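Inside the fold
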Amino acid sequence: MLGVENLTVRYGAQPALEDASVRFVPGTFSAIIGPNGAGKSTLLKTLVGLTTPTTGEVVFTDGGSVQDDVAYVPQQQTLDWAFPVTVWDVAMMGRTGRVGWLRWPGRADREQVAEALRQTGVYDLRGRHIGALSGGQRQRVLLARMLARDARVLLLDEPLTGVDAGTQEQLMALLRAQAGEGRAVVMVTHDLEQARRWCDHLVLVNRRIIADGTPEEVYTPRNIEATFSSSHLGHTHAEA
Ligand code: ADP
Ligand code: MG
């Protein structure tokens, strides 16, 4: 289980997240949903240690370490798409850490990378320079890099931005299958309807956790209003 307990994160005076407690468990496809500025990215960054809690804590109880067992796809990609590497090289970064390899990849690494590229539908593009890819192909390559890590927890921050509707459905099915294999899959999204169809755990957030549970429990007019109506910001509570 990876989660946060009574997490508050302040960048300045105003908290980005306040007293948030939420858990993500193996075998579950979770969606974190909320408007711009709700603290969604802050929650993921705190889970992977890129942001420090002001108060509260990150809890990881599955043994191992966040560093070894959690794969993270950030929202604003820092990858330099002009860098002269191929699709294969980027996916291999999931195994070796970065370009300018820390270690020489072995056969198991190559098999893992090939499988990740097949799963995301870009194996045939493996020799192509990443600068020559469309936006949707780039997102697939980033997902392949994440899958290549073979981590037990997958955290994705709006991974379907710029991806066409048909491909979005394919990638949601892929992520759901990852949860079916026993991974904890956590995705940040704006798309409540899509999350409701594909995910078995929804977390509505707007600076506080507004609601947390199954789609049936969470998807109520009152919760949706509390999450997306800015007049409620900071004055909202989950339904009993
Ligand atoms: P979301 O991902 O839901 O859009 P974020 O977690 O990115 O929200 O941001 C939550 C709030 O914290 C926003 O008001 C944002 O402007 C602020 N914020 C995020 N990162 C920083 C930062 N590094 N420094 C200062 N403020 C930040
Ligand atoms: Mg964000």
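As a starting point, this report considers the structure included with it. As the structure is a computational prediction, the values presented were derived from the model and not from experiment. (Residues numbered from 1 in each chain as written. Chains lettered and ligands numbered in written order. Predicted model: local features only at pLDDT ≥ 70, side-chain atom pairs only at ≥ 80, totals over all residues. Heavy atoms only, no water.)

Some thoughts on the overall build of the protein
Here is the rule we go by: Note on conventions: DSSP H or I runs of at least 4 residues are helices, E runs of at least 2 residues are strands, and numbering of each starts at the N terminus. Throughout, the radius of gyration refers to the C-alpha atoms, and the reference size of a globule is 2.2 Å times the residue count to the power 0.38. Per-residue accessibility, obtained with a 1.4 Å probe over protein chains only, is compared with the maximum for each type, and a residue is labelled buried under 20%, exposed over 50%, and partly exposed between these values. Whether two residues touch is decided by their heavy atoms; if any such pair falls within 4.5 Å, the residues are in contact.
A tally of helices and strands in the protein yields nine helices and nine strands. Here the C-alpha radius of gyration of the protein, 18 Å, is about what a compact globule of 240 residues would show, namely 18 Å. Along the first, second and third principal axes, the C-alpha set of the protein runs to 50 × 35 × 35 Å. Among the 240 residues that make up the protein, the fraction classed as buried is 50%. A separation threshold of at least 6 residues defines the contact pool for the protein, and within that pool the share at least 24 residues apart is 66%.

Looking at the pairing of strand E3 (residues 29–33)
Every other side chain in a regular strand lies on the same face of the sheet, so the side chains alternate between the two faces. Our working definition: One bridge is not enough; two strands pair if DSSP finds at least two bridges between them.
The element E3 is largely enclosed, with a buried count of five among its five residues. Across the two faces of E3 the burial is the same, with Phe-29, Ala-31 and Ile-33 and Ser-30 and Ile-32 all buried. In this structure, E3 lies alongside strand E7 (residues 184–189), joined through five bridges in parallel fashion. Paired with Phe-29 across the bridge in E7 is Val-185. Both E3 and strand E8 (residues 201–206) contribute to a ladder of four bridges, which runs parallel. In the strand pairing of E8, Ala-31 is matched with Leu-202.

Here we look at the coordination of the magnesium ion (ligand 2)
Ideal geometry at a metal centre gives angles of 109.5 degrees when four donors are arranged tetrahedrally and 90 or 180 degrees when six donors are arranged octahedrally. Worth spelling out the cut-off: Only nitrogen, oxygen and sulfur atoms qualify as donors, provided they sit within 2.8 Å of the metal or within 3.2 Å for Na, K and Ca; with water excluded from the atoms, sites may seem incomplete.
At this site the magnesium ion (ligand 2) is bound by Ser-41 (OG) and Gln-75 (OE1), with donor distances of 2.0 to 2.3 Å. Within this pair, whereas Ser-41 is found in helix H1 (residues 40–47), its partner Gln-75 is found in the loop between strand E5 (70–73) and helix H3 (87–96), the two being separated by 34 residues in sequence. Judged by relative accessible area, Ser-41 falls into the buried class, the value being 18%.

Digging into the environment of Val-163
For Val-163, the location among the structural elements is in the loop between strand E6 (153–157) and helix H6 (165–180). A sequence separation of 23 residues divides Val-163 from Arg-140, and the C-alpha atoms of the two residues are 8.9 Å apart. If near-sequence neighbours (up to four positions away) are discounted, Val-163 is found in contact with Gly-136, Gln-139, Gln-168 and Leu-171.

Regarding the nonpolar core
Across soluble globular proteins, nonpolar side chains have a tendency to be buried as a group. Put simply, the test is: The nonpolar core is taken to be a set of buried Ala, Val, Leu, Ile, Met, Phe, Trp, Tyr and Cys residues, with the residues joined through side-chain atoms within 4.5 Å. Domain start and end points were adopted from an automatic or database domain assignment.
Of all hydrophobic cores here, the largest spans 49 residues; its most connected members are Phe-29, Val-87, Met-146, Leu-154, Leu-156 and Leu-202. Looking at this core, the element that brings in the most residues is helix H5 (residues 135–148), giving seven residues. Inspection of this core shows a minimum of three residues originating in each of domain 1 (24–52 + 152–240) and domain 2 (81–150). When sequence neighbours within four positions are dropped, the list of residues in contact with Leu-156 reads Leu-44, Val-73, Leu-143, Met-146, Leu-175, Val-185, Val-186, Met-187 and Val-188. Core analysis: the next-biggest nonpolar cluster, separate from the first, contains 23 residues, Val-4, Leu-44, Leu-155 and Ala-184 among them.

Focus: the packing of aromatic side chains
The geometry of an aromatic ring pair comes down to the distance between the two centres and the angle between the two planes. Spelled out, the test is: Here is the rule: rings of Phe, Tyr and Trp (six-membered ring for Trp) pair when centre to centre is within 6.5 Å. Planes less than 30 degrees apart are stacked, more than 60 are edge-to-face, and the remainder are tilted. Distance and angle both matter: a charge sits over a ring if NZ of Lys or CZ of Arg is within 6 Å of the ring centre and within 35 degrees of the ring normal.
Considering all chains together, one arrives at zero aromatic pairs under this definition. Between the NZ or CZ atom of Arg-126 and the centre of the ring of Tyr-123, over which it lies, the distance is 4.0 Å. Above the face of the Tyr-219 ring, Arg-196 is positioned so that its terminal group lies 3.6 Å from the ring centre.

Details of the sheet that holds E5
The criterion, for reference: Angles here are taken between N-to-C directions and fall from 0 to 180 degrees, while the axes themselves are lines fitted to C-alpha atoms, restricted in helices to the stretch in contact.
Spatial strand order, E5-E6-E7-E3-E8-E9: six strands in an open sheet with mixed pairing. Edge strands, defined here as strands with exactly one partner in the open sheet, are E5 and strand E9 (208–213). Going from strand to strand, the sheet's axes swing by 15 degrees on average, the running direction of each strand aside. As paired elements, E6 and E7 share five bridges and run parallel to each other. From the neighbouring strand, Leu-154 faces E7, where its bridge partner is Val-185. Contacts from H1 reach E3, E5, E6, E7 and E8, with the element oriented near 150 degrees to E6.

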